[in-house]
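Next come the chains, spelled out residue by residue.
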Amino acid sequence: MDYIPPLFLFNNHLETIYPALLRKVTLQPYQRERITTPDDDFLDLDWITQGSEKVVIISHGLEGNTTRAYIKGMAKVMLANGFDILAWNYRGCSEELNKQKIFYHSGATEDLEVVVSHAIKKGYTSIYLVGFSLGGNLTLKYLGENRTKHPHLKKATALSVPMDLGSSCDAISTPRNFLYSNRFLKSLVDKVIRKSKIWNDIDVTPLAKIKTLRGFDDAFTAPIHGFQDAADYYQQCSSLHFVNDISIPTLIVNAVNDPFLSKECYPVDLLKNHASVKFEMPTHGGHVGFAQFGQNGLYWSEQRTLQFLKDD
């Protein structure tokens, strides 16, 4: 099934911006649960349950949270098809700043492991993972790590994934993507400033010179989370280096016209003979876009994910 965008979304920026700014999804209220991490921090989990034995764990993108329309849209369709929903907020992405000095990053799979393990303790026998953008990279890296071979994990879908973090970070920082990168950067800078008021050893003086996401990762993300620099962080956390070891059925969907992704994020040759991973490249879709009309509010990405998760 290929994606055909509505006529008025005639370029990749419109395909990206329209769903982010104008999509409205009506979803029943989440039930919030706060769980404690092994390092005495917390994660806020948002549940919608209906007594199912199968649950979809949904991971959001950079500076997102569970209120985003793309999260609620995916939750709504999965709920309607018999799944329980667990949408989780990364450290510092719910309404309250997290306790520890660290926050979240593209490879922080230890937190996803906490969430998956918590779902298993709840009694779920079938766990499905869906990740968007940064959450897609997180999902793929998690699945490729040997320590995560839970038999409860059945299938996964990753959408609009920056599989090569370094080149994607540079792609989003090009002049044509200024609006996106500037928005992300402002949000991240604000988070660091708030953190610095709690942790006195966070030096905010470099902020005045930071103009790109790579610069931010160099000055803050990497050192705060134990990496040498941004290049080391990107190298260690890019899901491109983990997909070969994925052993459960997994679908990756990256639109060819995604303005955030570099050419390295389309590893066709690497995955063409993979036993478990299916890689799809629809011509259109933008970044976490895939809007469509006349389908009872269902977006193409949700339709494709549901089809993949339900196929035998």
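All of these numbers come straight from a predicted model, not from anything done at the bench.

Undergrad: Run through the nonpolar core, naming residues and quoting values.
TA: Judged by nonpolar contacts, the single largest core of 63 residues is most densely connected at Ile57, Trp88, Ile127, Leu129 and Ile252. Membership of the second largest hydrophobic core comes to 34 residues, among which are Tyr18, Ile48, Tyr70 and Leu298.

Undergrad: Which residues make up the sheet that holds strand S4 (residues 84-89), and what values go with them?
TA: The strand order across the open sheet formed by 8 strands is S1-S2-S4-S3-S5-S6-S7-S8, and the pairing between neighbours is mixed. Looking at the sheet topology across the chains shown, the edges are occupied by strand S1 (31-36) and strand S8 (277-280). The mean angle between the axes of side-by-side strands here comes to 20°, regardless of whether they run parallel or antiparallel. Against the sheet, helix H2 (residues 69-80) engages strand S2 (42-48), strand S3 (54-59), S4, strand S5 (126-132) and strand S6 (153-159), with an angle of about 170° to S3.

Undergrad: Could you give an account of the packing of aromatic side chains, with specific residues and numbers?
TA: The full count for this structure, using the stated rule, is 18 aromatic pairs. On the numbers, 5.4 Å between centres and 80° between planes, the contact of Phe8 with Tyr18 is edge-to-face. One end of the pair, Phe8, is in the segment before helix H1 (12-22); the other, Tyr18, is in helix H1, with 10 residues separating them in the sequence. Judged by relative accessible area, Phe8 falls into the partly exposed class, the value being 44%. One aromatic cluster is present, formed by Trp88, Tyr90, Phe103 and Tyr104 through successive ring pairs. Between Lys122 and the ring centre of Trp47, over which it is positioned, the NZ or CZ distance is 5.4 Å. Here the basic side chain of Lys141 rests over the ring of Phe242, its NZ or CZ set 5.3 Å away from the ring centre.

Undergrad: I'd like a rundown of the environment of Pro38, residues and numbers included.
TA: Its location among the elements puts Pro38 in the loop between S1 and S2. Residue classification places Pro38 among the exposed positions, given a relative accessible area of 78%. Expressed as a C-alpha distance, the spacing of Pro38 and Gly107, which sit 69 residues apart in the sequence, is 17 Å.

Undergrad: Provide a residue-level description of empty space enclosed by the protein, including the pertinent values.
TA: This structure, assessed with the given rule, holds 1 cavity of 30 Å³ or more. In this structure, the largest cavity encloses a volume near 30 Å³. Residue lining of the largest cavity: Trp88, Tyr90, Tyr104, His105, Ala108, Asp111 and Leu138, and that is the complete set. Of the residues in the lining of the largest cavity, the class split is 5 nonpolar, 1 polar and 1 charged.

Undergrad: Lay out the packing of helix H7 (residues 213-224) against helix H8 (residues 230-237) in plain terms, naming residues and giving numbers.
TA: At a minimum axis separation of 8 Å, H7 and H8 run at an interaxial angle of 90°. By the criterion of interaxial angle, the relationship of H7 to H8 is roughly perpendicular. Residues Leu213, Arg214, Asp217, Asp218, Thr221 and Ala222 of H7 lie in contact with H8, whose contacting residues are Ala230, Tyr233 and Tyr234. Taken together, the residues that form the contact of H7 with H8 break down as 5 nonpolar, 1 polar and 3 charged.

Undergrad: Quick one: what's the story with the pattern of salt bridges, residue by residue and with numbers?
TA: Where charged atoms of side chains with opposite charge meet at close range, the side chains can pair. Counted according to the given criterion, the structure contains 19 salt bridges. The salt bridge involving Glu63 is made with Lys191; its shortest N-O contact spans 3.0 Å. A residue pair is termed long-range when its members are at least 10 positions apart, and Glu63 in the loop between S3 and H2 and Lys191 in helix H6 (residues 178-196) qualify at 128 residues. Exposure remark for Glu63: the relative accessible area of 11% places this residue in the buried category. A salt bridge links Arg304 to Glu280, with the shortest nitrogen-to-oxygen separation between them at 2.7 Å. Separated by 24 residues along the polypeptide, Arg304 in helix H10 (residues 300-310) and Glu280 in strand S8 bring together distant segments of the chain. Since its relative accessible area comes to 6%, Arg304 is described here as buried. A residue is classified by how much of its surface remains accessible, and Glu280, at 16% relative accessible area, is buried. Each of the salt bridges in this network shares a partner with another, and the network as a whole consists of Arg32, Arg34, Asp44, Asp46, Glu95 and Glu96.

Cut-offs and rules
- Residues numbered from 1 in each chain as written.
- Predicted model: local features only at pLDDT ≥ 70, side-chain atom pairs only at ≥ 80, totals over all residues.
- Heavy atoms only, no water.
- Core = buried A, V, L, I, M, F, W, Y, C linked by side-chain atoms within 4.5 Å.
- Buried < 20%, exposed > 50% of the residue type's maximum accessible area, 1.4 Å probe, protein only.
- Pairing = 2+ DSSP bridges.
- Helix = DSSP H or I, 4+ residues; strand = E, 2+ residues; numbered from the N terminus.
- Axes fitted to C-alpha atoms, helices over the stretch in contact; angles between N-to-C directions.
- Contact = heavy atoms within 4.5 Å.
- Phe/Tyr/Trp six-rings, centres within 6.5 Å; stacked < 30°, edge-to-face > 60°.
- Lys NZ or Arg CZ within 6 Å of the ring centre and 35° of its normal.
- 1 Å grid on protein atoms, 1.4 Å probe; cavity = no way out; pocket = protein on both sides within 12 Å on 5 of 7 lines; lining within 4 Å.
- Points joined across faces, edges and corners; volume = space filled by probe spheres on them.
- Nonpolar A, V, L, I, M, F, W, Y, C, P; charged D, E, K, R; others polar.
- Parallel < 35°, antiparallel > 145°, perpendicular 65-115°, else oblique.
- Salt bridge = Lys/Arg side-chain N within 4 Å of Asp/Glu carboxyl O.

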